[in-house]
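Residues per chain, in single letters:
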Amino acid sequence: MFITPEELYKKRRQFLKLGVGAMLSSSLINSKLLALEFSSDKNPQKLTLTDEELATNYVNFYEFSTNKKKAVEYAKNFDVKNWEISLSGELEKPIKLTMEDILKFPLEERIYRFRCVETWSMVVPWIGFELRHLIEKAKPTSKAKYVKFTTLFDKEKFPDQNALFPTIKYPYTEALRMDEAMHPLTILAVGMYKKPLLGQNGAPLRLVVPWKYGFKSIKSIVKIEFVENEPKTTWQEYAPNEYGFYANVNPNVSHPRWSQANERALGEFFTKPTLMFNGYEKEVASLYANMDLKKNF
Ligand SMILES: Nc1nc2c(c(=O)[nH]1)N[C@H]1C(S)=C(S)[C@@H](COP(=O)(O)O)O[C@H]1N2
Ligand SMILES: [Mo]
């Protein structure tokens with residue numbers, strides 16, 4: 001049977017009337033994405049999408065495991081029911097948002113290049129919305145100079161958080177300068193490949209900052225704070241000589257242990273040159289006009 005988007009929309013309306021409270025966030029996202037309630041990316045640059053199987057099976061999510069295969073396995077039944085995101089710090093008043101609230105933001109498909117600091121890369125069709133829309137809603141005060149993000153801390157859900165010697169310090173945190181957070185390329189994603197995010201890719205809500213190394217794109221966010229001073233982030237604390245606050249993709253600045261000049265796209269055999277700001281130089285270079293990118297790596 002062929003179902004038109006209108007029919008799906010009506011179905012969803014009926015479904016919603018049955019009682020939103022009882023629904024899982026994932027099915028809520030599902031109904032929204034199935035009803036094609038997002039604008040599609042026309043892909044003007046004709047980027048070649050990474051195979052969905054690769055993008056959902058080759059992941060970094062240390063809370064589950066540092067082993068990419070095991071992370072996927074442990075993330076299988078990740079429960080995102082009753083997920084809440086708290087907004088606090090330098091803003092008018094603290095806010096708590098459910099995924100239902102989150103899904104009211106205008107969803108868009110965004111096809112972005114994604115470059116991990118480990119030198120693999122991919123092109124992903126994310127579904128999400130511009131972070132600036134959420135920031136505008138939160139009404140930060142003039143003291144808010146940075147936005148800090150925190151991943152869920154739950155030893156029952158995340159095996160590495162429960163380990164005797166966890167790999168990194170949890171909860172995982174990341175942060176952006178306010179102008180980076182307000183940049184229209186910066187999104188909060190709820191889906192990819194026209195479906196809700198899977199546990200291993202950061203369900204139900206993750207950050208995507210396409211001109212920065214992948215570790216800035218923090219997964220499974222539960223807290224967003226507006227702060228005055230530059231926060232110390234997880235990887236920066238772990239190895240400050242290797243991972244800086246900015247982490248802008250830069251082929252001219254090597255990691256102390258390897259070059260960042262080239263990358264290997266998942267599914268491809270040969271490497272190719274990495275682009276300045278991961279190919280988003282035109283859009284974001286002005287944010288760093290007066291900065292020494294070798295010092296502020
Ligand atoms: N909470 C959390 N977020 C995280 C990570 C993590 O281990 N924990 N890994 C980061 C790294 S190193 C990368 S490359 C991307 C990977 O995203 P993907 O697995 O969806 O491709 O997520 C980032 N966000
Ligand atoms: Mo990464």
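Report follows, based on the coordinates. Not measured: the values here are computed from a predicted model. (Residues numbered from 1 in each chain as written. Chains lettered and ligands numbered in written order. Predicted model: local features only at pLDDT ≥ 70, side-chain atom pairs only at ≥ 80, totals over all residues. Heavy atoms only, no water.)

### Considerations on the overall build of the chain
Stated precisely, the cut-off is as follows: Helix and strand definitions here come from DSSP, where helices need a minimum of 4 consecutive H or I residues and strands a minimum of 2 consecutive E residues; each element is numbered from the N-terminal end. All radius of gyration figures rest on C-alpha atoms, and the globule criterion is 2.2 Å times the number of residues raised to 0.38. Exposure is judged per residue with a 1.4 Å probe applied to protein chains only, and the accessible area is read against the type maximum: over 50% gives exposed, under 20% gives buried, and values in between give partly exposed. In this description, contact between two residues means that some pair of their heavy atoms is separated by no more than 4.5 Å. Surface accessibility in these figures is a Shrake-Rupley result with a 1.4 Å probe; residues are shielded only by whichever protein chains are displayed. Neither His nor the chain termini are counted; the positive set is Lys and Arg, and the negative set is Asp and Glu. Charge positions come from single atoms, namely NZ of Lys, CZ of Arg, CG of Asp or CD of Glu.
Check the secondary structure of the chain and you find 9 helices and 12 strands. In terms of overall dimensions, the chain is globule-like: its C-alpha atoms have a radius of gyration of 19 Å, near the 19 Å expected for 297 residues. Over its C-alpha atoms, taken along the principal directions, the chain stretches across nearly 55 × 45 × 45 Å. Across the 297 residues in the chain, those meeting the buried criterion constitute 52%. Here the contacts in the chain between residues at least 6 apart in sequence split such that 71% fall between residues at least 24 apart. Of the accessible surface of the chain, which amounts to about 14800 Å², a share of 54% is contributed by carbon and sulfur atoms. Where the 43 positive side-chain charges of the chain centre and where its 36 negative ones centre are 1 Å apart.

### Notes on the pairing of strand β4 (residues 120-130)
Residues in a regular strand point their side chains to alternate faces of the sheet. What counts is decided by this rule: One requirement defines pairing of two strands: DSSP has to find at least two bridges between them.
A large share of β4 lies buried, amounting to 11 of its 11 residues. Pairing between strand β3 (residues 108-115) and β4: 8 bridges, direction antiparallel. Bridge pairing links Glu108 to Gly128 in β4. From the end of β3 to the start of β4, which pair antiparallel, there are 4 residues, and Thr119 there has a positive phi angle of about 85 degrees. Where β4 lies against strand β11 (residues 262-265), 2 bridges are found, and the strand directions are parallel. Residue Trp120 lies in a different strand from β11, and its bridge partner there is Arg264.

Keep in mind these values describe shape, not function.
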